Amino acid sequence: MYRLLVAQVLLGCWSVAQPFCPSQCTCVYHGRSDGTGSRSVLCNDPDMSDIPVNVPVDTVKLRVEKTAVRRVPTEAFYYLSELRYLWITYNSITSVDPGSFYNLKVLHELRLDGNMIATFPWESLKEMPSLRTLDLHNNRLTSVPVEAAPYLVNITYLDISSNKLTTLPSDLVDIWPPFSGVLPSANASQKTVLGLQDNPWYCDCRISKLIELSKMTSIPVVLMDQFLLCSGPENLAGVLFQRAELDQCLKPSVMTSATKITSSLGSNVLLRCDANGFPTPTLSWTRADGSAFNNTVVQQSPGEGVHWSILSLHNIMFKDAGDYLCKAKNVAGKAEASITLSVDGMQSTTQSPPMNITKLPDGQPMTSFAGTKMPLYTSLSPVLTTTAAMTTMPPLPTRKSLGPGEGVQRSPPAGDKPTKVQQSKGGKGLMMSDKFKKKADLKDIAVVEETSDTAVLLWTAEGFPSDAPLTVVYFPYDAKDDKESVDTEVGQGKLLLEYLMPNQLYTVCLVTKGSVSGKEQCVNFSTLDNGGDDGQNKVLMIASAIACAVAVPLIVVLLYKILCLYCKGNSSRNNGPDDDLSKETYVKFETLTMKQRTLNGQANDLWARRQTQESERMLLCSRSSIDSQMTYKSDSSRSEYLC
């Protein structure tokens, strides 16, 4: 009886010591002759819907295959610290939690092929520092982010074939060591196996580097299938990677017209930025502080890889001041640049505090608010600025008077000079000195000599010094915001307005200090239509073309004749003397002697045959006068022949 009890206790202890195996799995222990071994677990029950949690802790290889498992939860294998091979293949898994592989420090191989995974948590690979094999083929992956590159450093076998990948980030090719050529020292002699086949690759500049690398043989990457095909665009569909020629992507670069802009209150401002890149980047404007704005944006792409954008700010206020960001984006990356806008002017308040009037050292009055030392006006930039606080500009009345000097009376628009504020109801305002208070005025304002783009403005000044500053403001009658200003002196009396638009009604105003109110300061004028000039130019162009068509052939014929005569003259001068000298010349001459002599049976005549020189060619010999040419000699002397 005692022995039977001991046997039962030993049998119970042995059964407890045996690892527990899940009911839907098969556990196998592979022992070795040296007493060591490893355990593998296979779970392939079609009715299994969850990852088993009671797997023996000494398991080295776990296979979950052909089950109904749909999800890999967080820390699903936390207790399997000795696990080296994990195969979860051909299941129905659609999601993998980022913490699913926590504590798998010695895992060497992870296979998740044959599932329905659309997004893989690449950051989970940092929990598996010993991982070398990652198999994700035959899933539904649509992208591999560039952020995955740091986690793929130690991977030597990556299979992402038979997915829905259309592209790979160009930065991924630059960063991932097998493509960049910078391998860890431990893997310097080992090549990486990469599976990319059976994906609908869209062959554009984003995978241009991958295509170029697929044509090389010296890189440490082995493609499972060398014959990769392009699925798009249409002109490259079905083309092998090795035969595709693509341009490389270029990250956008952004340039702005200015980094800081200061403009006056109420003016119009244009912000421009230009971007370069390939493909052509898109541009967008935002505020740095994230505040919303609704302004006109004009964009244009004058050519491939170039894009510019202009943001229009009309009638700016103090709330428009700040940083504006111009952002450029294409498939290769992003870039941005900022423009800082400052608004110059004084912000008005609903209730004006009392004002104090003090005297400056030069005798000019200055008005400041009570309790402060801030002057009422401030210097503004030399652009069209707004009026100072508490001053308003009445709206310009509509009137169709076009004659010079017949314009309606208007308040001068804001110029680049500070505007003085006049107190109401008997208060002392800031005005000019009494010397110009009643006499200073501008008269006889007229616009003459109008053309399609210029006009001459005339005026007469009374009571002003000749060097007094004068601002001439002009703008289209129906576009009062598009103002232009020109600074001059009162004593000039004349100003040329340039760069005007043809057939356009304009309003021109003269703004100065001390002008008497109630007098006309603005006039309207109209530029001429350049249609007549265009017609005249066309007639001149046609006449010139006809004249050229007639004159050019005549000139060509004349030049030809001159050239022929010139060539003929040169030929006669060069070849004539040689031809004449090459001929034999016969000269007939007579002997001048008192005694007849015979030569070869002939008397009186003697013929000589010789080659003539240039100086003798034109000479003719004649009988010489015996009285004047004969020389007396003895009979034995030789006769001389004179020619």
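Residues numbered from 1 in each chain as written. Predicted model: local features only at pLDDT ≥ 70, side-chain atom pairs only at ≥ 80, totals over all residues. Heavy atoms only, no water.

Peer 1: Where do I start with a nonpolar patch on the surface in this structure?
Peer 2: Judged by side-chain polarity, Val 57, Tyr 78, Tyr 79 and Tyr 102 come together as a nonpolar surface patch covering roughly 440 Å² of accessible area. The residue Tyr 78 is located in the loop between β4 (71-72) and β5 (85-89) in this model. On the basis of relative accessibility, which here comes to 34%, the residue Tyr 78 falls in the partly exposed class. (Patch = residues over 30% accessible without salt bridge, like charges linked within 9 Å, V, L, I, M, F, W, Y side chains within 5 Å. Areas by Shrake-Rupley, 256 points an atom, 1.4 Å probe, with all protein chains shown as cover. Salt bridge = Lys/Arg side-chain N within 4 Å of Asp/Glu carboxyl O. Helix = DSSP H or I, 4+ residues; strand = E, 2+ residues; numbered from the N terminus. Buried < 20%, exposed > 50% of the residue type's maximum accessible area, 1.4 Å probe, protein only.)

Peer 1: What should I look at first to understand the side chain of Asn 199 in this one?
Peer 2: Following the sequence through the fold, Asn 199 ends up in the loop between β10 (192-195) and α4 (208-214). Using a relative accessible area of 6% as the deciding quantity, one classes Asn 199 as buried. Among the polar contacts made by the side chain of Asn 199, one reaches the main-chain carbonyl oxygen of Leu 196 at a distance of 3.0 Å. Asn 199 has contacts with Ile 160, Ser 161, Ser 162, Asn 163, Lys 164, Leu 165, Leu 229 and Ser 231, leaving out every residue within four places of it along the chain. (Polar contact = N/O pair within 3.5 Å; in protein donor to acceptor, adjacent residues only side chain to side chain. Contact = heavy atoms within 4.5 Å.)

Peer 1: It is not clear to me how the environment of Arg 287 should be interpreted in this structure. Could you clarify?
Peer 2: Turning to its location among the elements, Arg 287 is positioned in strand β15 (residues 282-287). The class of Arg 287 is buried, set by a relative accessible area of 9%. Separated by 39 residues in the primary sequence, Arg 287 and Cys 326 place their C-alpha atoms 8.9 Å from one another. Apart from residues lying up to four places away in sequence, Arg 287 is in contact with Phe 293, Lys 319, Asp 320, Ala 321, Gly 322, Asp 323 and Tyr 324.

Peer 1: Hey, could you run me through the sheet that holds strand β28 (residues 522-526) in this one?
Peer 2: Where strands meet in a sheet, backbone hydrogen bonds hold them as pairs that are either parallel or antiparallel. Across the sheet, which stays open at both edges, the four strands sit in the order β25-β24-β27-β28 with antiparallel pairing between neighbours. On the outer flanks of this sheet lie β25 (484-489) and β28, each paired with one strand and no other. Ignoring strand direction, the axes of neighbouring strands in this sheet form an average angle of 25°. By the bridge criterion, six bridges tie strand β24 (residues 469-476) to β25 in an arrangement that is antiparallel. Within the sheet, the bridge partner assigned to Tyr 474 lies in β25 and is Glu 484. (Pairing = 2+ DSSP bridges. Axes fitted to C-alpha atoms, helices over the stretch in contact; angles between N-to-C directions.)

Peer 1: Got a minute to help me understand the pattern of salt bridges in this structure?
Peer 2: As a working rule, side chains carrying opposite charge can pair if their charged atoms are close by. For the structure on display, the rule yields 10 salt bridges. Its salt-bridge partner being Asp 204, residue Arg 206 comes within 2.8 Å of it at the nearest N-O pair. For Lys 215, the salt bridge identified is with Glu 212, shortest N-O distance 3.8 Å. Take Glu 212: its relative accessible area is 28%, and that puts it in the partly exposed class. Three or more residues are tied together by salt bridges with common partners; here these are Glu 109, Arg 111 and Asp 135.

Peer 1: I would appreciate a short explanation of the nonpolar core in the present structure.
Peer 2: A general feature of soluble globular proteins is that nonpolar side chains tend to end up buried together. By size, the foremost hydrophobic cluster in this structure holds 61 residues, and its most contacted members are Leu 62, Phe 77 and Leu 86. Elements supplying a minimum of two residues to this core: β2 (37-43), β3 (59-65), β5, α2 (170-175), α4 and β11 (221-223). With three residues, the single largest contributor to this core is α4. (Core = buried A, V, L, I, M, F, W, Y, C linked by side-chain atoms within 4.5 Å.)

Peer 1: Can you help me understand the sheet that holds strand β12 (residues 250-256) in this one?
Peer 2: Strand order in the open sheet formed by four strands is β12-β14-β17-β16, and the pairing between neighbours is antiparallel. A strand with exactly one partner marks an edge of an open sheet, and here the two such strands are β12 and β16 (296-303). Each strand of the sheet is rotated relative to its neighbour by a mean of 20°, with strand direction disregarded. Where β16 lies against strand β17 (residues 306-313), six bridges are found, and the strand directions are antiparallel. Bridging across to β17, Gly 303 finds its partner in Val 306.

Peer 1: Explanation requested: the side chain of Thr 507 in the structure shown.
Peer 2: Its place among the elements puts Thr 507 in strand β27 (residues 505-511). For Thr 507, a relative accessible area of 0% translates into the label buried. Among the polar contacts listed, one links the side chain of Thr 507 to the side chain of Asn 524, at a separation of 2.7 Å.

Peer 1: Before we go on, may I ask you to explain the state of the cysteines in this structure?
Peer 2: By definition, a disulfide links two cysteine residues through a covalent bond between their sulfur atoms. The final tally for this structure, using the stated rule, is six disulfides. Here Cys 25 engages in a disulfide with Cys 43; their sulfurs sit 1.9 Å apart. Handedness here is read from the sign of the S-S torsion; for Cys 25 and Cys 43, about 105°, the answer is right-handed. Placement of the pair is Cys 25 in strand β1 (residues 25-31) and Cys 43 in strand β2, with a sequence separation of 18 residues. For the pair Cys 25 and Cys 43, one class covers both residues: buried. This cysteine, Cys 564, is not joined by any disulfide, and Cys 567 carries the nearest cysteine sulfur, 6.7 Å off. (Disulfide = S-S within 2.5 Å.)

Peer 1: What exactly am I supposed to notice about unusual backbone geometry here?
Peer 2: If a residue is not glycine, its phi is most likely negative; likewise, a peptide bond is most likely trans. Pro 233 follows Gly 232 through a cis peptide bond whose omega is 0°. For Pro 233, the location among the structural elements is in the loop between β11 and β12. Of note, the amide linkage connecting Phe 278 to Pro 279 takes the cis form, showing an omega dihedral of -5°. For Pro 279, the position within the fold is in the loop between β14 (269-278) and β15. The backbone of Glu 75 shows a phi angle near 55°, a positive value even though the residue is not glycine. Summarising the element assignment, Glu 75 is placed in the loop between β4 and β5. A relative accessible area of 41% means that Glu 75 is categorised as partly exposed. Despite not being glycine, Asn 503 shows a phi value in the positive range, around 55°. With respect to the helices, strands and loops of the structure, Asn 503 is situated in the loop between β26 (494-497) and β27.

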